[in-house]
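Residue-level structural notes
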Amino acid sequence: MAVVTGGGSGIGAASARRLAREGAYVVVADVDGESAARVAGELPGEAVAVTADVSTEAGVDAYIRAAVDRFGRIDLHHLNAGVLGTMAPLPDVDPADFDHVIAVNLRGSFLGLRAAFRRYREQDGGGAVVVTASISSLRGADDQLPYQTSKHGLLGLVRGAAMYGGPRGIRVNAVAPGLIPTGIFAASGHADRAQTLALRGGTTPMRRVGTVDEIAGVVAFLLGEDASYVTGEVVSADGGAFMVNTVVRSGGSGAWTPQD
């Protein structure tokens, strides 16, 4: 039985579909209840939709309670919910915007991890958790400062939780997507950013952006038995972007053209 947060669209919806195809019952949690219900209704197996704000304890309690009430236990968690937030330059970032991104991306994952560990303790058994990190967890840029800060913080959560969970049979890992076209850009109003994804993707070693289904495949692997000896790991799924040396001729994102 699996819980997917931010499951109403994008990577979360793809993860819910993949886990359902592999036989899991799924609770689809999203702040957009209609989207969560639509995804849950399309899954091949038994599923439940929950409207939940993951940045609040009440929201996390709601999806945990729904899962336990319907299925009796939770084995897998994909903590995926996130927002992009402001792309204002550092001097112009509004503290309220910063706080909102931290609340959803970082606090929400902390609350989700805490709830997962509490549930595993009650079940007297282990399980697996995957957190959606980002290429922004691993590198810096001069825009989307709140987002980068939140995604860097997620790695501390993942590693601390993996250390605590190891002796208890609980695995915790992260997937770090690169350029993946999702609704997060349109929802945040950054239309120009969304339009440049394909161009930037053309400058990665694989010369393209990724798909939500490709990320869902990594999530399913990390949650599955084939990854039974993997914990505390951050798996980059970014077309090779993370490995690029930006100071040599091959360049980094935007430093050379796909034709070259």
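Residues numbered from 1 in each chain as written. Predicted model: local features only at pLDDT ≥ 70, side-chain atom pairs only at ≥ 80, totals over all residues. Heavy atoms only, no water.

Some words on the overall build of the protein chain
Spelled out, the test is: Secondary structure counts use DSSP, requiring at least four H or I residues in a row for a helix and at least two E residues in a row for a strand, with both numbered from the N terminus. Throughout, the radius of gyration refers to the C-alpha atoms, and the reference size of a globule is 2.2 Å times the residue count to the power 0.38. Think of it in three bands: residues with accessible area under 20% of the maximum for their type are buried, residues over 50% are exposed, and the middle band is partly exposed, with areas taken using a 1.4 Å probe on protein chains only. Should any heavy atoms of two residues lie within 4.5 Å, those residues are considered in contact. For the accessible areas, the method is Shrake-Rupley and the probe is 1.4 Å, while residue cover comes only from the protein chains on display.
For the protein chain, the helix and strand inventory stands at 9 helices and 7 strands. For 260 residues, the compact-globule estimate of 2.2 N^0.38 gives 18 Å, and the C-alpha radius of gyration of the protein chain, at 18 Å, lies within 12% of that figure. Overall, the protein chain is about 55 × 40 × 35 Å in size when its C-alpha atoms are taken along their principal axes. In the protein chain, buried positions account for 50% of the 260 residues. Here the contacts in the protein chain between residues at least 6 apart in sequence split such that 66% fall between residues at least 24 apart. Element-wise, carbon and sulfur atoms account for 53% of the exposed surface of the protein chain, whose accessible area totals about 12,200 Å².

What about the sheet that holds strand β7 (residues 234–237)?
Put simply, the test is: We treat two strands as partners when DSSP finds at least two bridges between them. Angles run from 0 to 180 degrees between N-to-C directions of axes, and those axes are lines fitted to C-alpha atoms, restricted for helices to the stretch in contact.
Strands sit in the order β3-β2-β1-β4-β5-β6-β7 across an open sheet of 7 strands; the sheet is parallel. Looking at strand neighbours, the two that pair on one side only are β3 (47–51) and β7, the edges of this open sheet. With strand direction ignored, the average angle separating the axes of adjacent strands in the sheet is 15°. Of the strand pairs in this sheet, strand β2 (residues 26–30) and β3 are connected by 5 bridges, and their pairing is parallel. Among the inter-strand pairings, A29 is bridged to a residue of β3, identified as V50. Relative to the sheet, helix α1 (residues 10–21) contacts β1 (2–5), β2, β4 (76–79) and β6 (171–177), its axis offset from that of β1 by approximately 165°. Against the sheet, helix α2 (residues 33–42) engages β2 and β3, with an angle of about 175° to β3.

Here's the deal with α1
Condition: To estimate how far a helix should extend, the number of its residues minus one is multiplied by 1.5 Å.
The terminal C-alpha atoms of α1 lie 17 Å apart, and with 12 residues this matches the ideal 16 Å at 1.5 Å per residue to within 8%. Those residues of α1 that are buried are in contact with β1, β2, α2, β4, β6 and α9 (212–223). Immediately beyond the C-terminal end of α1, within one or two residues, lies G23, with a positive phi of roughly 105°.

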